[in-house]
Amino acid sequence: MDEAAVRDRLQSVEDPDLGDDIVSLGLINDLTVDDGEVTIDLALGAPYSPSETELAGAVRSVLEEEGLEVDLSASIPDRDDLASEDQVLPNVKNVIAVASGKGGVGKSTMAVNLAAGLSQQGARVGLFDADVYGPNVPRMVDADEPPMATEDETLVPPEKFGVKLMSMAFLTGEDDPVIWRGPMVHKVITQLTEDVEWGHLDYLVIDLPPGTGDTQLTMLQTMPVTGAVIVTTPQGVALDDARKGLEMFAKHDTVVLGIAENMATFACPDCGGEHDIFGSDGGSEFAAAHDMPFLGSVPLDPSVREGGDEGAPVVLDEDNETGDAFREITENVSNNTGIVHRRSITGSAATRPPEEE
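Let us look at the structure shown here. Keep in mind that this is a model prediction, so the values were computed, not measured.

## Structural notes on empty space enclosed by the protein
Inspection of the entire model under this criterion finds 3 cavities of 30 Å³ or more. Reported here for the largest cavity is a volume of approximately 50 Å³. In terms of lining residues, the largest cavity is bounded by Thr-109, Val-112, Asn-113, Met-140, Val-304, Gly-307, Gly-308, Ala-312, Pro-313 and Val-314. Mapped onto the lining of the largest cavity, the elements with two or more residues apiece are helix 3 (107-121) and helix 9 (302-310). Per-class residue counts for the lining of the largest cavity are 6 nonpolar, 4 polar and no charged. Counted as a void, the second largest cavity has a volume near 40 Å³. If you go around the second largest cavity, the residues you meet are Val-112, Ala-115, Ala-116, Leu-127, Val-141, Lys-160, Phe-161, Val-163, Leu-165 and Pro-313. Among the secondary structure elements, those contributing two or more residues to the lining of the second largest cavity are helix 3 and strand 11 (163-167). A total of 3 residues in the lining of the second largest cavity trace back to one element, the largest contributor, which is helix 3.

## Overview of the side chain of Asp-241
Topologically, Asp-241 is positioned in helix 7 (residues 236-251). Asp-241 gets classed as buried once you look at its relative accessible area, which sits at 15%. The contacts of Asp-241, once residues within four sequence positions are left out, are Gly-101 and Lys-102.

## So, the sheet that holds strand 3 (residues 28-34)
Read across the sheet, 3 strands follow the order 3-4-5 without closing on themselves; strand pairing throughout is mixed. The open sheet has two edge strands, strand 3 and strand 5 (69-74), and neither has a second partner. In this sheet, neighbouring strand axes are inclined to one another by 10° on average, regardless of whether the strands run parallel or antiparallel. Where strand 3 meets strand 4 (residues 37-42), 6 bridges bridge the pair, whose relative direction is antiparallel. Bridge pairing in strand 4 links Leu-31 to Ile-40. The strands that helix 1 (residues 3-10) touches are strand 3 and strand 4; relative to strand 3, the one it contacts most, it runs at about 130°. Across the sheet, helix 2 (residues 50-64) is in contact with strand 4 and strand 5; its angle to strand 5 comes to roughly 160°.

## Thoughts on the packing of helix 1 against helix 2
Packing of helix 1 against helix 2 brings their axes to within 10 Å, and their N-to-C directions diverge by 125°. Relative to helix 2, helix 1 is oriented oblique. Handedness of the crossing formed by helix 1 with helix 2: right-handed. Contacts between helix 1 and helix 2 involve Val-6, Arg-9 and Leu-10 from the former and Val-59, Val-62 and Leu-63 from the latter. In terms of residue class, the contact of helix 1 with helix 2 is made up of 5 nonpolar, no polar and 1 charged.

## With respect to helix 10 (residues 321-346)
Helix length check: helix 10, at 26 residues, gives a terminal C-alpha distance of 38 Å against a target of 38 Å (1.5 Å per residue), a fit within 8%. With a side-chain oxygen lying 2.7 Å from the backbone nitrogen of Thr-322, the N-terminal cap of helix 10 falls on Asn-320. Gly-347 sits one or two residues past helix 10 and shows a positive phi near 75°.

## Observations regarding the pattern of salt bridges
In total, this model carries 14 salt bridges according to the counting rule given. Among the salt bridges present, the one from Arg-342 reaches Asp-15, with a minimum N-O distance of 2.5 Å. Here Asp-15 lies in strand 1 (residues 14-15) and Arg-342 lies in helix 10, a separation of 327 residues in the sequence. The exposure classification of Arg-342 matches that of Asp-15, with both residues buried. With a shortest N-O distance of 2.8 Å, Arg-342 and Glu-52 are connected by a salt bridge. Of the two residues, Arg-342 sits in helix 10 while Glu-52 sits in helix 2, which places them 290 residues apart along the sequence. The pair Arg-342 / Glu-52 is uniform in exposure class, with both members buried. Each of the salt bridges in this network shares a partner with another, and the network as a whole consists of Asp-15, Asp-17, Glu-52 and Arg-342.

## Describing a negative patch on the surface
On the surface, Asp-34, Asp-35, Glu-37, Glu-64, Glu-69 and Asp-71 cluster together into a negatively charged patch. Summarising the element assignment, Glu-64 is placed in helix 2.

## Re the packing of aromatic side chains
Under the definition given, this model contains 0 aromatic pairs. One cation-aromatic arrangement involves Lys-160 over Phe-161; the distance from NZ or CZ to the ring centre is 5.2 Å.

## Regarding the nonpolar core
Membership of the largest hydrophobic core comes to 39 residues, with the highest contact counts inside it found for Leu-127, Leu-165, Val-205 and Val-333. In this view, Leu-127 contacts Ala-111, Val-112, Ala-115, Val-137, Val-163, Lys-164, Leu-165, Met-166, Trp-198, Leu-204 and Val-205; residues no more than four positions away in its chain are not counted. Grouped together as the second largest cluster of nonpolar side chains are 36 residues, Ile-206, Leu-220, Leu-246 and Phe-249 included.

## So, the sheet that holds strand 7 (residues 125-129)
The sheet built from 8 strands is open, its strands ordered 10-11-7-12-6-13-14-17 with mixed pairing. If you trace the sheet from one side to the other, it starts and ends with strand 10 (159-160) and strand 17 (294-299), each paired once. Its contacts with the sheet put helix 3 on strand 6 (95-99), strand 7, strand 11, strand 12 (203-207), strand 13 (227-232), strand 14 (256-264) and strand 17, and the angle it makes with strand 12 is roughly 170°. Relative to strand 17, helix 10 is tilted by about 165°, and along the sheet it contacts strand 6, strand 12, strand 13, strand 14 and strand 17.

Here is what the cut-offs are and how they apply
- Every residue gets a number counted from 1 within its own chain, in the order that chain's sequence is written.
- Predicted model: local features are reported for residues with pLDDT of at least 70 only, side-chain atom pairs are reported and counted for 80 or more only, and whole-chain, interface and lining totals are derived from all residues.
- Remark: hydrogens and water are excluded; side-chain values derive from all non-hydrogen atoms of the structure.
- Here a cavity means grid points, on a 1 Å grid over the protein atoms only, where a 1.4 Å probe fits yet cannot get out; a pocket means an open set of points with protein on both sides within 12 Å along at least five of seven lines; lining residues are those with an atom within 4 Å of a point.
- Grid points are joined across faces, edges and corners, and a volume is the space filled by probe spheres set on the points.
- Numbered from the N terminus, helices here are DSSP runs of H or I no shorter than four residues, and strands are runs of E no shorter than two.
- Classification convention: Asp, Glu, Lys, Arg as charged; Ala, Val, Leu, Ile, Met, Phe, Trp, Tyr, Cys, Pro as nonpolar; all other residues, Gly among them, as polar.
- Note on classification: 1.4 Å probe, protein chains only; a residue is buried when its accessible area is under 20% of the maximum for its type, exposed when over 50%, partly exposed between these limits.
- Only heavy atoms matter for contacts: two residues are in contact if any of them lie within 4.5 Å across the pair.
- Any two strands between which DSSP finds at least two bridges are classified as paired.
- All axes here are fitted lines through C-alpha atoms, helices being fitted over the stretch that makes contact, and every angle between N-to-C directions spans 0 to 180 degrees.
- These descriptions rest on fixed angle ranges, namely under 35 degrees for roughly parallel, over 145 for roughly antiparallel, 65 to 115 for roughly perpendicular, and the rest for oblique.
- By convention, the crossing between two helices is left-handed when the near helix turns anticlockwise from the far helix through less than a right angle, and right-handed when the turn is clockwise.
- For a helix, the expected span equals 1.5 Å multiplied by the number of residues minus one.
- In protein, a polar contact means a hydrogen-donor-capable atom and an acceptor-capable atom, both N or O and within 3.5 Å, with residues adjacent in sequence counting only if both atoms are side-chain atoms; elsewhere, any N or O pair within 3.5 Å suffices.
- Counted as salt bridges are all cases of a side-chain nitrogen of Lys or Arg within 4 Å of a carboxyl oxygen of Asp or Glu.
- A patch consists of residues exposed above 30% relative accessible area that lack any salt bridge, with like charges linked at up to 9 Å and nonpolar side chains (Val, Leu, Ile, Met, Phe, Trp, Tyr) linked at up to 5 Å.
- In short, Shrake-Rupley with a 1.4 Å probe defines the accessible areas, and a residue's cover is counted only from the protein chains shown.
- The charge count treats Lys and Arg as positive and Asp and Glu as negative. His and the chain ends do not count.
- We put the charge of a Lys on NZ, of an Arg on CZ, of an Asp on CG and of a Glu on CD.
- To pair, rings of Phe, Tyr and Trp, with the six-membered ring standing in for Trp, must have centres within 6.5 Å; the planes then decide the type, stacked if under 30 degrees apart, edge-to-face if over 60, and tilted in the middle.
- Cation placement over rings: the criterion is NZ of Lys or CZ of Arg within 6 Å of the ring centroid and within 35° of the ring normal.
- Definition of nonpolar core: a set of buried residues of the types Ala, Val, Leu, Ile, Met, Phe, Trp, Tyr and Cys, connected through side-chain atoms within 4.5 Å.

Structure, rendered in structure tokens:
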């Protein structure tokens, strides 16, 4: 088969999210045929996401049916307007911001489980605890090893559960409060991202502080954020504040990957009943009202609290049903990240979030 015949055969492979075949969508960056071997570079940008893994598998299957050997790779073209030395975090494929409009909704819990879940999928992951005023991530993953410094005065982040970690908690005393004004926050956030030896990462998850303050603005103005996850509870007060976070990302042209609901139904182990302590369906209804994807709902479960206090993210417990809820959210985040990238290639409403099915 020659290149034209291979492309014709690949028209049978459809992107299930964009609704057309990968050839028509322009998702083939490069294709060569040499003596029965096909080398293909696909425009896929969410490593280990279930949907892109399935899409790559379909490409391989279609061509192997024709008796061809297949060498697959995946990449998203770099931005043409920035030289590589001018890019922030050039070796990080995706920056995922985890945000909430208010505190107390389990945002850090969601960020930790998302990062650990992505690592569990097989991805190279970093987790930056950008909540400078209340850094909790090291405790939630039981990490007490501080970062090491290189001769060039950069920091080598410690690693836990396959996730590279950076947090203000590593650099301050356990009980020392951080009392800083905006310019200092900006400086430290910049240093803790750019002066860290993150290496090559598929995903860098950033746990933002609650609200819409200086830290959020610094991240959105200086970092190549791929998309954001907004965490809320079903409660009306939390949803009011989640709306402010949504507006913040909209003003900075940042894609919202979806809404994640925490602290939903509580299943009572004593009476066997289910109780909607913070209300019900608030997150899904909020997502629908704003034409946003709903990533999933995590029940109000003591095992989540225990996992956070003991440094054992529940997403890693394959026998835990609440872990299943976090794994579903993780899969949806990575899948939606891929949709954002593929839309940027095709030019089809690239700045919009993936539509809710």
